[in-house]
Each structure stands twice: as C-alpha cells, then as structure tokens.
Amino acid sequence: MTVEILNLRVRAFALEGEAEKVAEAFERFLPAKTEVLVEDLEPETEGGVFTQPLKSVTAKITQPKVCKDFLMKAFSSLTDSEKSKVVRELPHRVDDKCNFFLRFSKADFIDGRLKIGELNVVHFKVKVAAYPAKKEIAVKVLKEFLES
C-alpha cells in the first residue's frame, strides 16, 4: 500500500523580531519555489493569549510527489527515538479528516534542524489520501510509509 500526500501546510507564529528568521528558515528548508507568506496578527484584546502583535508565517506545498518526498526527507532527519514516538502516536496525530500533524521546535527549525517540539513550534499539517477516507486507513498507510 502506497501513501499519497495531497498537500502539506506549514505554519509558525513569530514575534516581530523573529519573523524574518522564521521566514528565511522556511525558504531554506522547504522545496524550491514554495511561496512563504508573512501576515500580521493583531493582539487579542479580551481574555486572549496573545497580548502583543504576532506574525503568522505560512507555506503550502500542493504537488503530491513533492509533498511525499519532502515528508520522507523530514521524517528521515529525526532521531530513531523521535521516529518511534511519531509512529507510536499516529492515532493521536491523525484526525478524522485524514490530516496528519507534526510539530517541530521553532528554535531548532531556525537553526536548520528538525526536532519534535511541544511549545513554540512550527506546525506541519499533512493531508493524506486514504481510500476510503477514514482515520484508520490514513493511520495504516502512514505507518507503512514511515516504517519503510
């Protein structure tokens, strides 16, 4: 069973001073000709978490072969323990719409490394083609793909 990746979205939030570094890291890390957008986000005024202006740095890859090659490259750069953790957590990393989620440390990403992160991260949202389109099928094909 082969996996087909329909698209891959990458997003990070950054403070004013780090947004340029994050955008440069996106451009270095993502495949050539991937458009990187930087947008201003206003602070939340009533009971919000973000009390100062932020930047949203985003990119989207829509060519299935490029997405698949990129995902394999990204996954292969992880340590063996991180790879095992991701595979073990697949049922929790895939939603009912067959999206696969990874979060990488933003500081390591800026420095050119991928390391699984929990806080202050770069978000990867990978749309997996599963037939039929069910979470269980997506988990199965991703597991086979990542373990190959």
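Fair warning: this is a prediction, and the values are worked out from it, not measured in the lab. (Residues numbered from 1 in each chain as written. Predicted model: local features only at pLDDT ≥ 70, side-chain atom pairs only at ≥ 80, totals over all residues. Heavy atoms only, no water.)

Visitor: Can you walk me through the overall build of the chain in this structure?
Guide: Helices and strands together make up the secondary structure of the chain, namely six helices and five strands. Mapped in sequence order, the helices and strands of the chain form the string β-α-β-β-α-α-α-β-α-β-α. Whereas a compact globule of 148 residues would reach a radius of gyration of roughly 15 Å, the chain reaches 16 Å, a difference of no more than 12%. The C-alpha extent of the chain, read off along each of the three principal axes, is 45 × 35 × 30 Å. (Helix = DSSP H or I, 4+ residues; strand = E, 2+ residues; numbered from the N terminus. Rg over C-alpha atoms; globule rule 2.2 N^0.38 Å.)

Visitor: Looking at this model, I keep getting lost on the packing of aromatic side chains. Mind explaining?
Guide: Each aromatic ring pair is specified by the distance between its two centres and by the angle formed by the two planes. Counting across every chain of the model gives six aromatic pairs. These aromatic residues form a ring-pair network of at least three members: Phe26, Phe29, Phe70, Phe104, Phe109 and Phe124. The ring of phenylalanine 29 carries the charged tip of lysine 73 above its face, separated from the ring centre by 5.7 Å. (Phe/Tyr/Trp six-rings, centres within 6.5 Å; stacked < 30°, edge-to-face > 60°. Lys NZ or Arg CZ within 6 Å of the ring centre and 35° of its normal.)

Visitor: How should helix 6 (residues 135-147) be read in this particular structure?
Guide: Quick reminder: α-helices carry 3.6 residues per turn. Residues three or four places apart thus point the same way. Taking 1.5 Å of rise per residue, 13 residues should cover 18 Å, and helix 6 covers 18 Å from first to last C-alpha, within 8% of that figure. Along helix 6, the residues that are buried comprise Ala138, Val139, Val141, Leu142, Phe145 and Leu146. Against the buried residues of helix 6 lie helix 2 (64-76), helix 3 (80-88), helix 4 (90-93), strand 4 (99-105) and strand 5 (121-129). (Expected span 1.5 Å × (residues − 1). Buried < 20%, exposed > 50% of the residue type's maximum accessible area, 1.4 Å probe, protein only. Contact = heavy atoms within 4.5 Å.)

Visitor: What should I look at first to understand the pattern of salt bridges in this one?
Guide: It is possible for side chains of opposite charge to pair when their charged atoms get near one another. What the rule picks out here adds up to 10 salt bridges. In this structure, glutamate 147 engages lysine 143 in a salt bridge whose closest nitrogen and oxygen atoms are separated by 3.8 Å. With a gap of four residues between them, glutamate 147 and lysine 143 both fall in helix 6, about one helical turn apart. Three or more residues joined by partner-sharing salt bridges are found here, namely Glu16, Asp40 and Lys55. (Salt bridge = Lys/Arg side-chain N within 4 Å of Asp/Glu carboxyl O.)

Visitor: Any chance you could explain the pairing of strand 4 here in plain terms?
Guide: The side chains of a regular strand alternate, residue by residue, between the two faces of the sheet. Of all seven residues in strand 4, five are buried; the element is thus mostly enclosed. Bridge analysis of strand 4 against strand 5 gives seven bridges, and the strand direction is antiparallel. From the neighbouring strand, leucine 102 faces strand 5, where its bridge partner is phenylalanine 124. (Pairing = 2+ DSSP bridges.)

Visitor: How should I be thinking about unusual backbone geometry in this particular structure?
Guide: Peptide bonds are mostly trans, and most non-glycine residues show a negative phi. Cis geometry is adopted by the peptide bond preceding proline 132, which originates at tyrosine 131 and carries an omega value of -5°. Examined against the element boundaries, proline 132 turns out to sit in the loop between strand 5 and helix 6. Positive phi, normally seen in glycine, also occurs at cysteine 98, with a value near 65°. By the secondary structure assignment, cysteine 98 is in the loop between helix 4 and strand 4.

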